[in-house]
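Chain by chain, the residues:
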Amino acid sequence: MKDFNDTGSLAGSIEFHLAHTVGKTPDAASNSDWRLALSRAVRDKLIDPWFEATRRTYKQDRKRVYYLSMEFLLGRILEDAVNNLGLEEKATAALAAHGVNFNDVMQDEPDAALGNGGLGRLAACFLDSLSCLGIPAYGYGIRYAHGLFKQSFDDGRQIEVAEDWLRHQHNWEFERAECVYDIGFGGHVTEKGSRAVWTSSDQVMAQAYDTPIPGWQASWTNTLRLWSAKPKKIFDLEPFNRGEYMEAAAPEVLAETISRVLYPDDSTEIGKALRLKQEYFFTAASLQDLLRRFLNHNGDLRALPSKVAIQMNDTHPAIAGPELIRLLIDGHGFEFDDAFDIAQGTLNYTNHTLLPEALETWDTQLMSETLPRHMQLIERVDDRLARDARASNVGSAPRIVENEKVNMGTLAFTCANKVNGVSALHTDLMKQTVFSDLHQVYPNRILNQTNGVTPRRWLHSCNEGLRNLLNEKIGTEWVCDLEQLEKIAPLADDAEFRDRFMAIKRDNKQKLATWIKETMDIDVSVDAMFDVQIKRIHEYKRQLMNALETAALANAIRRNPDADWTPRVKIFGGKAAPAYLDAKNIIRLINDIAVSVNNDPVIGDRLKVVYPPNYNVSMAEILIPSADLSEQISTAGKEASGTGNMKFALNGAVTVGTLDGANVEIAEHVGPDNIYIFGMTADQVQDARDGYVTQNYIDQSPILTEVINQIRDGFYSPEETTRHWPVLEKLLRDDYFMVAADFDAYWKAQRKVDKGFADKDAWARMAVLNTALSGWFSSDRTIQSYADEIWGVDSLSGARK
């Protein structure tokens, strides 16, 4: 490993790359130039352990994990790597010698636009933990040119523009021009003897780009391999010479569309086709790649399950089952049942949702037109499922192909060796609801793996003050053994420790307040409670309920401004999918409430509402350490797990939430006195569905009724009184996520929070205990459990298991 024993050696490497990689002199270099030079210098340090990890895996002929995910929400890589390698002081000094500010250089790096929300951030945490634990692994995904989108607001409306994170060179990746696979679409299938031959009508190439993912202090380094779509025919000269320039470039444009944007709008048929092509594109390239690697060192594909564990992160890679079967049958001569057994022994599936609409389905016609050979194999897998159901004496067998739809969740489940939920409640509900029939057919297939978060980024890196306090009190081993945080639990009763803990929280709040002023020109007081809800915008996450409660609180303050109010800063963050109009309407309502509240002189500093645009990992790293209150208020039974709840608790925020997802387990670990739980349980939600009438709950709540009437009368949009009627219409017509039913319980819980925050010593004790008792929610624990219970793999680095 390249060693930087002193500042001078790191400085020399930075200066070398500034000159020889960036092509600049120090006096002409911008912050971006210094960032690129520092990134290359730090990346150099990762190369040797990266190569060594690969050599050891091959030498010991060990099983590898392949993690297939549509998203990897990495965030900024440079600061994380510098922190991981312990180079912060040396890097700061090396840059300062040239009059360059380290923090300015860190802030110059754009977030890698490779994800949207919890799914992608979980995948990034898992890659970190796989490397920290020394488990040989590859992450596989798509190298999106423009990611999801960059969010801004215009008169409160969400505006989407393309991300430009690749405008500058991505210094952490290695282009693998030699690693290219052909990916076909469309065409037809012919029979040759007993074999099927798929002749595709369209082809693109998948080219690999590799990013090293180091474990703590680079003791082990794995690989994130992302695929970029390239045309088979780069440029058509004949139409160009005729002056038909757009036609000449069409092959390149159409091919690259596949890896251009994350989650393209699928409200049109062409959008649906692009989504399906994206999912097949990266899955097929990944399977070809891992089979090539396996066959280079193993001759018998029947041994694949003993050397390869593939994890499908949600249903997006579910086509991996038919594709692996196709490769085994059409490419290697296996019979269907043998190919199915090999595929099933190799594949595993993580379910992330109980929402039926989120369990992907594709029209059989679209599947047949786009992937005709796979449609044939899906029908054979469906027959295999029917056989297994009959053998299990299950009366009503579930089907993969039903009502001219291909159910991808059912397909993923059928083709998997193990299927896991991501919290204890979620896993139980999987067995009872969406996969109840499949659970009867395969009763030993479902198991739980509660999510976790990496403490390297979500405490050690993003919360320097708390990191230093923990190091002082309990040493540094907590970074890779997070349950050691329990050692500070007794210090919750130590007044001096509580004061230091809360002083760090206040410093973090001041940094956030300064950032809010600089970016949004809103003044907020650090004495106020910082109340934060940051998630993708979805009705089940109930940002609407938070917004309605905010409006109700504003009303109460206006009526009695001299009461003893607990000041609050309500902070929202998150994006709505471009085609999700109901969510976008909620965003506009929140922003209009913010304008009204923030400009009301009667309310003043008693309540502020802040919604910074373009929420991403870097913003979360500012918001989470600053939060006093963590909003986890989804409808019970709808949030599979959540990981934001874990990050907040780890950084000393107290949760207000429902008994949903991992909130249940957080409550068990931190104790009922250190969390605010409200609302219906999952069973109560289900019971309430019969005869549910939204208006009845509104009529029972004068507080909610007042807010509903204000919105109807245009109080928050006086220049356009009907602006927010669509929100009300949806709430009154179809309050599926029971905002009205839980509103009063939420209001009462928030008033308890007010009283709790007013008792500074009691609140500080709760905050300390949330940090101390959140160690179980490390992604290291989660990954070790996957390794033991699903993948059957061992660590090769000697890291703590």
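Description of the structure in this document. The shown structure was predicted, so the numbers you read here are calculated from the model rather than taken from an experiment.

A few words on the nonpolar core. Judged by nonpolar contacts, the single largest core of 201 residues is most densely connected at Trp-227, Phe-281, Met-367 and Trp-791. Element by element, the count of residues in this core is highest for helix α9 (residues 269-297), at 12 residues. If we ignore the near neighbours within four places in the chain, the residues touching Trp-791 are Lys-63, Val-65, Leu-130, Ala-309, Gln-311, Asn-348, Ile-783 and Tyr-786.

Within the secondary structure layout, Ser-779 lies in helix α32 (residues 779-791). Classification of Ser-779 as buried rests on a relative accessible area of 0%. In terms of polar contacts, Ser-779 uses its side chain to reach the backbone amide nitrogen of Thr-454, at 3.2 Å. Filtering out sequence-adjacent residues up to four positions away, Ser-779 remains in contact with Cys-125, Phe-126, Ser-129, Gly-452, Val-453 and Thr-454.

Burial along strand β19 (residues 607-610) is two-sided: the face carrying Leu-607 and Val-609 and the face carrying Lys-608 and Val-610 are both buried. Pairing of strand β18 (residues 568-573) with β19, which is carried by 4 bridges, proceeds in the parallel orientation. Residue Ile-571 lies in a different strand from β19, and its bridge partner there is Val-610. With helix α22 (residues 581-598) bridging β18 and the parallel β19, this β-α-β connection has right-handed handedness.

Attention now moves to the pairing of strand β2 (residues 137-142). The buried fraction of β2 is high, at 6 of 6 residues. Two elements, strand β1 (residues 64-68) and β2, share 4 bridges in a ladder whose sense is parallel. Bridge pairing in β2 links Tyr-66 to Tyr-138. Of the strand pairs in this sheet, β2 and strand β9 (residues 221-231) are connected by 5 bridges, and their pairing is parallel. Within β9, the position partnered with Tyr-138 by the bridge is Thr-223.

This part is about the packing of α22 against helix α29 (residues 725-733). As a packed pair, α22 and α29 sit with axes 9 Å apart at the nearest point and diverge in direction by 125°. Comparing the axis directions of α22 and α29 gives the class oblique. When you trace α22 past α29, the crossing you get is left-handed. Between α22, through Asp-582, Asn-585, Ile-586 and Leu-589, and α29, the contact on the second element is made entirely by Pro-726, Val-727 and Lys-730. When its residues are assigned to classes, the contact of α22 with α29 shows 4 nonpolar, 1 polar and 2 charged.

So, about the sheet that holds strand β15 (residues 418-421). Two strands in a sheet stick together by hydrogen bonds in their backbones, pointing the same way (parallel) or opposite ways (antiparallel). Taking strand neighbours across the sheet as the criterion, the 9 strands line up as β5-β8-β9-β2-β1-β10-β11-β15-β16 in an open arrangement whose pairing is mixed. Edge positions in the sheet fall to β5 (174-185) and β16 (446-448), since each has one partner strand and no second. In this sheet, adjacent strand axes meet at a mean angle of 25° when their direction is disregarded. Summarising the sheet, β1 and strand β10 (residues 308-313) pair through 5 bridges and their orientation is parallel. Pairing of Tyr-66 across the sheet is with Ile-310, part of β10.

It is worth spelling out the packing of aromatic side chains at this point. Tallying each qualifying case throughout the model produces 28 aromatic pairs. Ring plane angle 40° and centroid distance 5.2 Å describe the contact between Trp-50 and Phe-174, whose orientation is recorded as tilted. Residue Trp-50 is located in helix α2 (residues 31-60), and its partner Phe-174 is located in strand β5; the two are separated by 124 residues in the primary sequence. Classification of Phe-174 as buried rests on a relative accessible area of 19%. Where Tyr-66 meets Tyr-140, the ring centres are 5.8 Å apart and the plane angle is 10°; that geometry is what we call stacked.

Moving on, we get to α32. Given a rise of 1.5 Å per residue, 13 residues ought to cover 18 Å, yet the end C-alpha atoms of α32 are separated by just 16 Å, more than 12% below that figure. Among the residues making up α32, those that are buried are Ser-779, Asp-780, Arg-781, Thr-782, Ile-783, Gln-784, Ser-785, Tyr-786, Ala-787, Ile-790 and Trp-791. One side-chain oxygen at the N-terminal end of α32 lies 3.0 Å from the backbone nitrogen of Asp-780; it belongs to Ser-778. Just beyond α32, the residue with positive phi is Gly-792, at close to 65°.

Across the sheet, which stays open at both edges, the 6 strands sit in the order β19-β18-β17-β20-β21-β22 with parallel pairing between neighbours. Every interior strand has two partners, whereas the edge strands, β19 and β22 (676-677), have only one. Two strands pair when backbone bridges link them, and strand β17 (residues 529-534) and β18 are joined in this way by 6 bridges, in the parallel orientation. Bridging across to β18, Met-529 finds its partner in Arg-568. Sitting on the sheet, helix α30 (residues 739-758) is in contact with β17, β18, β20 (629-632), β21 (654-657) and β22, with an inclination near 125° to β18.

Cut-off values and rules
Residues numbered from 1 in each chain as written. Predicted model: local features only at pLDDT ≥ 70, side-chain atom pairs only at ≥ 80, totals over all residues. Heavy atoms only, no water. Core = buried A, V, L, I, M, F, W, Y, C linked by side-chain atoms within 4.5 Å. Buried < 20%, exposed > 50% of the residue type's maximum accessible area, 1.4 Å probe, protein only. Helix = DSSP H or I, 4+ residues; strand = E, 2+ residues; numbered from the N terminus. Contact = heavy atoms within 4.5 Å. Polar contact = N/O pair within 3.5 Å; in protein donor to acceptor, adjacent residues only side chain to side chain. Pairing = 2+ DSSP bridges. Right-handed = clockwise from strand over helix to strand, strands pointing away. Axes fitted to C-alpha atoms, helices over the stretch in contact; angles between N-to-C directions. Parallel < 35°, antiparallel > 145°, perpendicular 65-115°, else oblique. Left-handed = near helix turned anticlockwise from the far one by under 90°. Nonpolar A, V, L, I, M, F, W, Y, C, P; charged D, E, K, R; others polar. Phe/Tyr/Trp six-rings, centres within 6.5 Å; stacked < 30°, edge-to-face > 60°. Expected span 1.5 Å × (residues − 1).

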